[in-house]
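# Examining the three-dimensional arrangement
So you can see what is in the structure, the chains are spelled out below.
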Amino acid sequence: MPGSGSASKPALFARLVKIEHSVYALPFAYAGAFLAADGMPTWSQLLWITVAMVGARSAAMALNRLIDAEIDARNPRTASRELPAGRLGRREVWLFTVVSIALLVLAAFQLSEPCRYLWPIPLAAFVLYPYAKRFTWFCHYALGLTLGLAPAAAWLAVSGRLGAVPWLLFFAVGLWVGGFDVLYAIFDLDFDRRTGLHSVPVAVGERGALVVAALSHVATVALLVVVGLLSGLGPVYWVGLAVVAALLAWPHIDIARRGLHEVGMGFMGVNGAVGLLYGAVVVLATVLPG
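Now for a look at the structure at hand. Keep in mind that this is a model prediction, so the values were computed, not measured.

## Concerning the environment of Ser58
- With respect to the element layout, Ser58 can be found in helix H3 (residues 43-67).
- Measuring from C-alpha to C-alpha, the distance between Ser58 and Leu16 comes to 8.8 Å, with 42 residues separating the pair along the chain.
- Contacts of Ser58, omitting those with residues within four sequence positions, involve Val17, Phe96 and Ser100.
- Engagement of the side chain of Ser58 in a polar contact is seen with the backbone oxygen of Val54, the distance being 2.8 Å.

Here is the structure:
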């Protein structure tokens, strides 16, 4: 029966949207907000940016699960997810999606005027991204750029306009997330080949995918260097960015030493730490004097 099982509904929905993965986008959204304000945004702005992010991310993940439910059911790695396993029904996930979108729209109307008109852009990205793997190896970067909307949108929410820095953050997050999604996709290489799905590992093989992921993360750090230069950030930013770069490099070094399948999914935790650390570094660098 859909929705059956010992876990409570809130726990099932938390698993559905992988709430623990909020560390990928939310800290970058705060980074965009603090950089736009060149210091501390208002508490009202931070509150509504948080509400918008919760609604946006919940809607994005729920739509992804709805659109991919049939593929997930055929993949042994994903067959135990809430929808294919029948622990949640499609109707209740659709209701959850509608409520999440409503939260996003509500928050957009409490922020800068452009947000009131531009919220359909991330919503369109949430719908289009899950279909990308059916057509193109660029799907990893479609996911990354969808998450990259977070810091750009937060900047827009605070300042009411865009500039070079939010665009740099948009592409930096796109390459960061896209790079580790390329690594993630290696675990599905055989399944994707059998079912005709597209990915970087399918296009260039496992070794080529490791190179693509590493280059993506080198480019991420380069873009974040330019963010620091254009924003005139001080030593706190540069020390923090050096640690971020080391964290990004470590999984690639570990994989080169031991092999991806020996490392397993451990690199996901490191990537979560990257988001948290970068967000904290930007907050400190913008609010501390000097």
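## Digging into the pattern of salt bridges
- With the rule as written, the count across this model stands at eight salt bridges.
- Note that Asp72 is salt-bridged to Arg81, the shortest N-O span being 3.3 Å. For the pair Asp72 and Arg81, one class covers both residues: buried.
- A salt bridge links Arg87 to Glu82, with the shortest nitrogen-to-oxygen separation between them at 4.0 Å.
- Look at Glu82 and you get buried, because its relative accessible area is 6%.
- Here the salt bridges share partners, and the residues they tie into one network are Asp68, Lys133 and Arg134.

## Some details on the nonpolar core
- Residues Leu35, Trp176, Val227, Tyr237 and Tyr278 are the most contacted members of the largest nonpolar core, which totals 36 residues.
- Breaking this core down by element, the ones donating at least two residues are helix H2 (26-37), helix H7 (120-132), helix H8 (139-159), helix H9 (164-186), helix H11 (200-231), helix H12 (235-258) and helix H14 (266-287).
- Among the elements that make up this core, the one with the highest residue count is H9 (nine residues).
- For Leu35, the contacting residues outside a window of four places in its chain are Trp155, Val165, Leu169, Val227, Ser231, Leu233, Val282 and Thr286.

## Here's the deal with the packing of helix H1 (residues 9-16) against helix H5 (residues 90-108)
- One way to put it is that H1 packs onto H5 with a least axis distance of 12 Å and a crossing angle of 75°. Compared by their axis directions, H1 and H5 come out roughly perpendicular. For the pair H1 and H5, contact is made by Lys9, Phe13 and Leu16 and by Glu92, Val93 and Phe96, respectively.
- The residue makeup of the contact of H1 with H5, split by class, is four nonpolar, no polar and two charged.

## A few points about the side chain of Thr78
- Residue placement: Thr78 occurs in the loop between helix H4 (69-74) and H5.
- For Thr78, a relative accessible area of 1% corresponds to the buried category.
- If sequence neighbours within four positions are ignored, Thr78 has contacts with Ile71, Asp72 and Pro84.

## With respect to a nonpolar patch on the surface
- A contiguous nonpolar patch, built from Met40, Trp43, Val236, Leu284, Val287 and Leu288 and spanning about 580 Å² of accessible area, is present on the exposed surface.
- Mapped onto the elements, Leu288 comes out in the segment after H14.
- In this structure Leu288 comes out as partly exposed when scored by relative accessible area, which is 42%.

## A word on H11
- Across its 32 residues, H11 extends only 34 Å between first and last C-alpha, which sits more than 12% below the 46 Å expected from 1.5 Å per residue.
- Of all the bends in H11, the greatest measures close to 105° and is centred on Glu206.
- Two to three positions downstream of the cap, the backbone nitrogen of Val202 sits 3.1 Å from a side-chain oxygen, assigning the N-cap of H11 to Ser199.
- Backbone geometry just after H11 places Gly232 at a positive phi near 65°.

Definitions and limits used
- Residues numbered from 1 in each chain as written.
- Predicted model: local features only at pLDDT ≥ 70, side-chain atom pairs only at ≥ 80, totals over all residues.
- Heavy atoms only, no water.
- Helix = DSSP H or I, 4+ residues; strand = E, 2+ residues; numbered from the N terminus.
- Contact = heavy atoms within 4.5 Å.
- Polar contact = N/O pair within 3.5 Å; in protein donor to acceptor, adjacent residues only side chain to side chain.
- Salt bridge = Lys/Arg side-chain N within 4 Å of Asp/Glu carboxyl O.
- Buried < 20%, exposed > 50% of the residue type's maximum accessible area, 1.4 Å probe, protein only.
- Core = buried A, V, L, I, M, F, W, Y, C linked by side-chain atoms within 4.5 Å.
- Axes fitted to C-alpha atoms, helices over the stretch in contact; angles between N-to-C directions.
- Parallel < 35°, antiparallel > 145°, perpendicular 65-115°, else oblique.
- Nonpolar A, V, L, I, M, F, W, Y, C, P; charged D, E, K, R; others polar.
- Patch = residues over 30% accessible without salt bridge, like charges linked within 9 Å, V, L, I, M, F, W, Y side chains within 5 Å.
- Areas by Shrake-Rupley, 256 points an atom, 1.4 Å probe, with all protein chains shown as cover.
- Expected span 1.5 Å × (residues − 1).
- Bend = angle between axes of the 7 residues up to and from the residue.

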